[in-house]
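Read off the chains here:
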Amino acid sequence: MKHGTLTTKGNKVELRFERRLNHPPEKVWRALTDNKELAHWFPARIEGDRQAGAELRFFFAEGDPTTGKISVFDPPRVLEYTWEGDLLRWELRPEGGGCLLVFTNIPGDRANVARDATGWHICLDNLEASIDGNPAAGFDKERFSTLNAEYAARFGLGAFPAFMTGPANRVAATSLNIPGVEAYAFDGADGTQLTLFHAKSDATTGEQWRDSDEYLVVLEGSYVVTINGMDIHLGAGREFVIPMGARTSGRFTAGTRTIHAYKGKRLERASA
């Protein structure tokens, strides 16, 4: 299967691709490490020695170079290095006259994983074309948009869209008082406040009494709401109403995104 898969690894996620190639590991290894071969499919030019512990620099056509470091260099089996906050690992496993390429990426930020999956999918398509002796497809805006929509449907967005998370909507940390969580607020004409919560790490809310009913929906991740001492586990797609007068608290796992709507006391914005 050419599409990547996404799994949770503690507070991180892992993006994984498998491609069966009709070429021996030695040939594919050259495509992974030789600059002339990399130019056919890799998104940046790489400078630096190819050996364990070597510092790397990545150059795009525009902008400042970024950095990384090789952590594993075991030809022609395993290549692993960092690229800014991401970890990239390439494994080659012999299969008959060819090999299985397993590529895993642990991104530093979950928010862009659908976009990252789309980019790596296209890069691997171009890698296959290159080692087969065919011209790379290059960048096709329509194809990128189609694939990106597919991965967003598979993995979720990973973050609220930028048009909703501007500074004018951001809740002040002192008002929210939940370390590790970002929140954005929107006010309804009837006094209802709608808030978007995004847990950047595992987080726990303080206990409080609800002075109105509260509607919540979990978009992604896992949220445990405790009502009068009873834990209720809510996964992605679950809706729930916390009744007025309940003694309640909540626990987020890292990466969880929720929407809450309620009346009563409002959260204050950072820009207010």
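This text goes with the structure placed above it.
Below, the structure is looked at part by part. As the structure is a prediction and not an experimental result, all values here were calculated from the model. (Residues numbered from 1 in each chain as written. Predicted model: local features only at pLDDT ≥ 70, side-chain atom pairs only at ≥ 80, totals over all residues. Heavy atoms only, no water.)

## Quick look at the sheet that holds strand β10 (residues 193-199)
Ordered by their spatial adjacency, 5 strands build an open sheet running β9-β10-β18-β13-β16, and the pairing between neighbours is antiparallel. With one partner strand each, in any of the chains shown, β9 (181-187) and β16 (239-242) form the two edges of the open sheet. In this sheet, adjacent strand axes meet at a mean angle of 20 degrees when their direction is disregarded. Inspection of the sheet shows β9 paired to β10 by 7 bridges, in the antiparallel sense. Residue pairing in the sheet places Val181 in a bridge with Ala199 of β10. (Pairing = 2+ DSSP bridges. Helix = DSSP H or I, 4+ residues; strand = E, 2+ residues; numbered from the N terminus. Axes fitted to C-alpha atoms, helices over the stretch in contact; angles between N-to-C directions.)

## Re the packing of aromatic side chains
According to the stated counting rule, one finds 16 aromatic pairs in the structure shown. An angle of 15 degrees between the planes, with centres 4.4 Å apart, marks the rings of Phe58 and Trp83 as stacked. Here Trp83 lies in strand β6 (residues 78-83) and Phe58 lies in strand β4 (residues 55-59), a separation of 25 residues in the sequence. An aromatic cluster of three or more residues is present, and its members are Phe17, Trp41, Phe42, Phe58, Phe60, Tyr81, Trp83, Trp90, Phe103 and Trp120. Looking at Arg45, its charged tip hangs above the ring of Phe59, at a distance of 4.5 Å from the centre. Above the face of the Phe160 ring, Arg257 is positioned so that its terminal group lies 5.0 Å from the ring centre. (Phe/Tyr/Trp six-rings, centres within 6.5 Å; stacked < 30°, edge-to-face > 60°. Lys NZ or Arg CZ within 6 Å of the ring centre and 35° of its normal.)

## With respect to unusual backbone geometry
Residues other than glycine predominantly adopt negative phi, and peptide bonds predominantly adopt the trans conformation. Here Pro75 and Pro76 are connected by a cis peptide whose omega angle stands at -10 degrees. In this structure, Pro76 sits in the loop between β5 (66-74) and β6. Although it is not a glycine, Glu84 adopts a positive phi angle of roughly 55 degrees. Among the secondary structure elements, Glu84 is positioned in the loop between β6 and β7 (86-95). The phi dihedral of Asn177 is positive, around 55 degrees, even though this residue is not glycine. Structurally, the position occupied by Asn177 is in the loop between α5 (173-176) and β9.

## So, the side chain of Thr205
Note on placement: Thr205 falls in the loop between β11 (203-204) and β12 (208-209). Within the local environment of Thr205, its side chain forms a polar contact with the backbone nitrogen of Gly250, the two atoms lying 2.7 Å apart. Not counting residues up to four positions away in its chain, the partners in contact with Thr205 are Ile178, Ser249, Gly250 and Phe252. (Polar contact = N/O pair within 3.5 Å; in protein donor to acceptor, adjacent residues only side chain to side chain. Contact = heavy atoms within 4.5 Å.)

## Some points on the sheet that holds strand β1 (residues 5-9)
Spatially, the 8 strands line up as an open sheet ordered β1-β2-β8-β7-β6-β5-β4-β3, and their pairing is antiparallel. Edge positions in the sheet fall to β1 and β3 (45-47), since each has one partner strand and no second. Taken pair by pair, the neighbouring strands of this sheet meet at an average axis angle of 25 degrees, ignoring direction. Bridge analysis of β3 against β4 gives 3 bridges, and the strand direction is antiparallel. Looking across to β4, one finds that Arg45 is bridged to Phe59. Helix α3 (residues 113-131) rests against β1, β2 (12-21), β6, β7 and β8 (98-106) of the sheet, and its axis sits at about 20 degrees to β2.

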